[in-house]
Amino acid sequence: QVQLVESGGGLVQPGGSLRLSCAASGTIFRINVMDWYRQAPGGQREFLASITSDGMPNYSDPVRGRFTISRDNAKNTVFLQMSSLKPEDTAVYYCHAYITVVAGTRRAYWGQGTQVTVSS
């Protein structure tokens, strides 16, 4: 069984910064791409950033230049450093990853989400 657990969300003022973490645990053989998404109230889940196992990042236009994705393969953890936060960044942020378990099955997993609120 595999779990993704996010942490680091909270309330921040406009212009501030937050760092989200997502740790994968369980019977993991290999973690491929790890991603971050978010979903604002009443909105659809939105792709933010991804990072390959060898560290190649990719960003969506709304966050490019403000958010930085990174990962620690030794700790099965992905991070999202968010800066210059805006009220429209308010959402539940989700971690997502393609993971191959020890038994050999590869599938996508989601974390439970962490709330980020940007408000003065």
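Up top is the structure.
Residues numbered from 1 in each chain as written. Predicted model: local features only at pLDDT ≥ 70, side-chain atom pairs only at ≥ 80, totals over all residues. Heavy atoms only, no water.

Undergrad: So what's going on with the pattern of salt bridges? Residues and values would help.
TA: Think of it this way: side chains of opposite charge can pair up when their charged atoms draw near. Counted according to the given criterion, the structure contains four salt bridges. Here Arg38 and Glu46 are joined by a salt bridge, their closest N and O atoms 2.8 Å apart. Exposure remark for Arg38: the relative accessible area of 7% places this residue in the buried category. Assessed through its relative accessible area of 29%, Glu46 is described here as partly exposed. Arg38 is paired through a salt bridge with Asp89; the nearest N and O atoms lie 2.8 Å apart. One end of the pair, Arg38, is in strand S4 (residues 28-39); the other, Asp89, is in the loop between strand S8 (77-82) and strand S9 (91-101), with 51 residues separating them in the sequence. Accessibility classification places Arg38 together with Asp89 in one group, the buried group. Connected through salt bridges with shared partners, the residues Arg38, Glu46, Arg66 and Asp89 form a single ionic network. (Salt bridge = Lys/Arg side-chain N within 4 Å of Asp/Glu carboxyl O. Buried < 20%, exposed > 50% of the residue type's maximum accessible area, 1.4 Å probe, protein only. Helix = DSSP H or I, 4+ residues; strand = E, 2+ residues; numbered from the N terminus.)

Undergrad: I'd like a description of the state of the cysteines, backed by residues and values.
TA: Here is the idea: a disulfide is a covalent bond, and it sits between the sulfur atoms of two cysteines. For the structure on display, the rule yields one disulfide. Between Cys22 and Cys95 runs a disulfide, and the two sulfur atoms are separated by 2.1 Å. Here Cys22 and Cys95 share a disulfide; its torsion about the S-S bond, -80°, makes the bridge left-handed. Of the two residues, Cys22 is situated in strand S3 (residues 18-26) and Cys95 in strand S9; the sequence distance between them amounts to 73 residues. Overall, the relative accessible area of 0% leaves Cys22 in the buried class. (Disulfide = S-S within 2.5 Å.)

Undergrad: Describe the sheet that holds strand S1 (residues 2-7), listing the residues and the values that go with them.
TA: In space, the four strands of this open sheet follow the order S1-S3-S8-S7, with antiparallel pairing throughout. Of all the strands in the sheet, just S1 and strand S7 (67-72) have a single pairing partner and so form its edges. Neighbour-to-neighbour, the strand axes of the sheet open up by a mean angle of 15°, direction not taken into account. Bridge count between S7 and S8: six bridges; the pairing is antiparallel. By the bridge assignment, Ile69 is partnered in S8 with Leu80. (Pairing = 2+ DSSP bridges. Axes fitted to C-alpha atoms, helices over the stretch in contact; angles between N-to-C directions.)

Undergrad: Talk me through the packing of aromatic side chains; I want residue IDs and the actual numbers.
TA: A full pass over the atoms with the stated rule returns three aromatic pairs. Taking the centre distance of 5.6 Å and the plane angle of 75° together, the rings of Tyr37 and Phe47 count as edge-to-face. Highlighted residues: Tyr37 in strand S4 and Phe47 in strand S5 (residues 46-51), separated in sequence by ten residues. Taking the relative accessible area as the measure of exposure, Tyr37 reaches 19% and is therefore buried. Aromatic side chains Tyr94 and Trp110 sit 6.5 Å apart centroid to centroid with 85° between the ring planes, which places their arrangement in the edge-to-face category. In this pair, Tyr94 sits in strand S9 while Trp110 sits in strand S10 (residues 106-110), placing the two residues 16 residues apart along the sequence. The exposure class of Tyr94 is buried, given its relative accessible area of 13%. (Phe/Tyr/Trp six-rings, centres within 6.5 Å; stacked < 30°, edge-to-face > 60°.)

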